[in-house]
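Observations on chain architecture
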Amino acid sequence: MARKNELLLQAREISLLFGATWLDRLLRRPLKRVFQGVNFELLGGESVALTGGNGSGKSSILRLCAGLYLPTAGQITPFCPVIWGIGNDRCFYERLTLEENLAFFMRFSGLSLKNVQPALERVGLLDARAVPWREASTGMRARLVMARSFVAMEQHRNRAVLLLDEPERGLDAAGMQLLGELGDRICAMGGAVFTATHLAALNTLHFTRGYRLQEGALTEAEL
Amino acid sequence: MGAMLLAMLRRDWITQWSYRGAFFGRTIACASSVFSSWFLANCFSGYEPEPIATYGNYFNFLIFGLLLMQWTQSILFGATGRIRALQVEGSLESWAAYCPSLGRLIWAEALSVQLASIWPMMLTLGLGFALGLSIDSSGVALKLGSVLLCWAALCPLGIWGGAFTLAFKRSDPLGRAVLGLSWLLSGVFYPVEVLPKWLTLLAYFLPTTHALDLLRGVFLRGDDWAALSGSVWALVLLSAIGWPLALGTVRICDRIARRYGTLGQY
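Nothing here was measured: the structure is a model prediction, and the numbers come from that model. (Residues numbered from 1 in each chain as written. Chains lettered and ligands numbered in written order. Predicted model: local features only at pLDDT ≥ 70, side-chain atom pairs only at ≥ 80, totals over all residues. Heavy atoms only, no water.)

So, about the interface of chain A and chain B. Every contact between the two is made by 29 residues of chain A and, on the other side, 28 residues of chain B. Contact between chain A and chain B buries roughly 2,800 Å² in total, counting both sides, with carbon and sulfur atoms accounting for 62%. On the chain A side of the contact with chain B, Leu70(A), Arg95(A) and Phe108(A) bury the most area, a combined 26% of that side's loss. Taken together, the links from chain A to chain B amount to 1 salt bridge. The partner of Arg63(A) in a salt bridge is Glu93(B), with the nearest N and O atoms 2.6 Å apart. Viewed at the interface, chain B and chain A are joined by 7 residue pairs in polar contact (both at pLDDT 80 or more). Going through the elements one at a time, helix 1 (22-26), strand 5 (82-84), helix 3 (98-108) and helix 5 (138-155) of chain A are the ones with two or more residues in the side of chain A that touches chain B. Examining the composition of the side of chain A that touches chain B, we find that 5 residues originate from one element, helix 3 of chain A, more than from any other. (Contact = heavy atoms within 4.5 Å. Buried area = accessible area lost by both parts, 1.4 Å probe. Salt bridge = Lys/Arg side-chain N within 4 Å of Asp/Glu carboxyl O. Polar contact = N/O pair within 3.5 Å; in protein donor to acceptor, adjacent residues only side chain to side chain. Helix = DSSP H or I, 4+ residues; strand = E, 2+ residues; numbered from the N terminus.)

So, in structure tokens, the structure goes:
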């Protein structure tokens, strides 16, 4: 188990620019500066909100944390696994049921299938487990993503950073409360939750601190 | 890796079985090509020229051509097709967040397509036997080794295609060119010897030409590797060059996609 306040992820002077390579210049691609010289860190036991307007680069920061983007400059160093939880709901298969989709993810990740049903039960999807993904409602889909986050975090005994991209989309009040409980549990076990959101004020995820991304600069924000 | 592959095979089985019409359509198409070969071979029965007569008859020759091309198609387009589908669905970026490396994802997807292609190949072989295909029954280890060598020489092309698709979104023009040239030059319907000299030279650059020569020699004539040393060495050389090139391309293309932030784009 990770100790509270242990450094889990650190970003130093990271910049993200698209269209800055020699190939881009050759192909006359426009330069897009997302952000520059950004520093932040995530400690064990923290639930951190990341706010900012549309297109400010919140999702890009999460993608950098997950390793899906490489920074143009600077360094981002995770000291534990980083799980991209909510906001990553596309890797499900239309023809598979909710249960089969979760089982696929668990097989894919080398996890035991005995946790499929408890995970579905935890997010209130046990009765809907035979519904194919293509027929599932937005709320069901959001809950299945949450179930996947549960098992992915437990795989690492909650010593991990969970990334959530606008989790308020698709989840009802009960779903948000469930997510809040997941967040609390992760923080209690020494993990961290990093959430890009427009609704930090609602604070269902019990944010301990916040950052604001505006005009390419990241600053500490009041919650 | 094994668990990932099993998960993909199970996913593919559920998905394929939910489209039963397409499943049976492909079965009919596969059977049709075997029967076409049989009728075509009957037209020339007893009149086979020298290079074909050494393989028994024209039907034997054709069936092995068809089998290799089915296999080549699954190898060339397996990873490419799957990576492209993941890009279009938008799920490539999502899986990349969970998969330790994209190379493993490409590799597992490529293998799952290749394993799924075994059943039409078995169907082709089974129907072939029913219609008179005869193969040499000795030297099982040699035959297995020959299949593995052909796979090792062909597989880098598929991995390379998958990697290229990752970064540049399309690689099927190249795969289609290789497949088209293989149909034309590798000796699928006719021996390579009937081609003009300059085209024969081009044919020897294709791994399928050597793979067909090796498989037909070992399975139909019962040759050993010494008798087929030219093809064996060509396949060894193509594997030795192909694998490092393919794996290097995966690394570079993965980096390009992450640097340009295009994993989620198509």
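Right, let's talk about the pairing of strand 1 (residues 7-18) of chain A for a bit. All names here are of chain A. With 9 of 12 residues buried, strand 1 is to be regarded as a mostly interior element. As paired elements, strand 1 and strand 2 (residues 32-43) share 8 bridges and run antiparallel to each other. Bridge pairing links Ala-11 to Phe-40 in strand 2. In the sheet, strand 1 pairs with strand 4 (residues 73-78) via 5 bridges, with the strands oriented antiparallel. Pairing of Arg-12 across the sheet is with Gln-75, part of strand 4. (Buried < 20%, exposed > 50% of the residue type's maximum accessible area, 1.4 Å probe, protein only. Pairing = 2+ DSSP bridges.)

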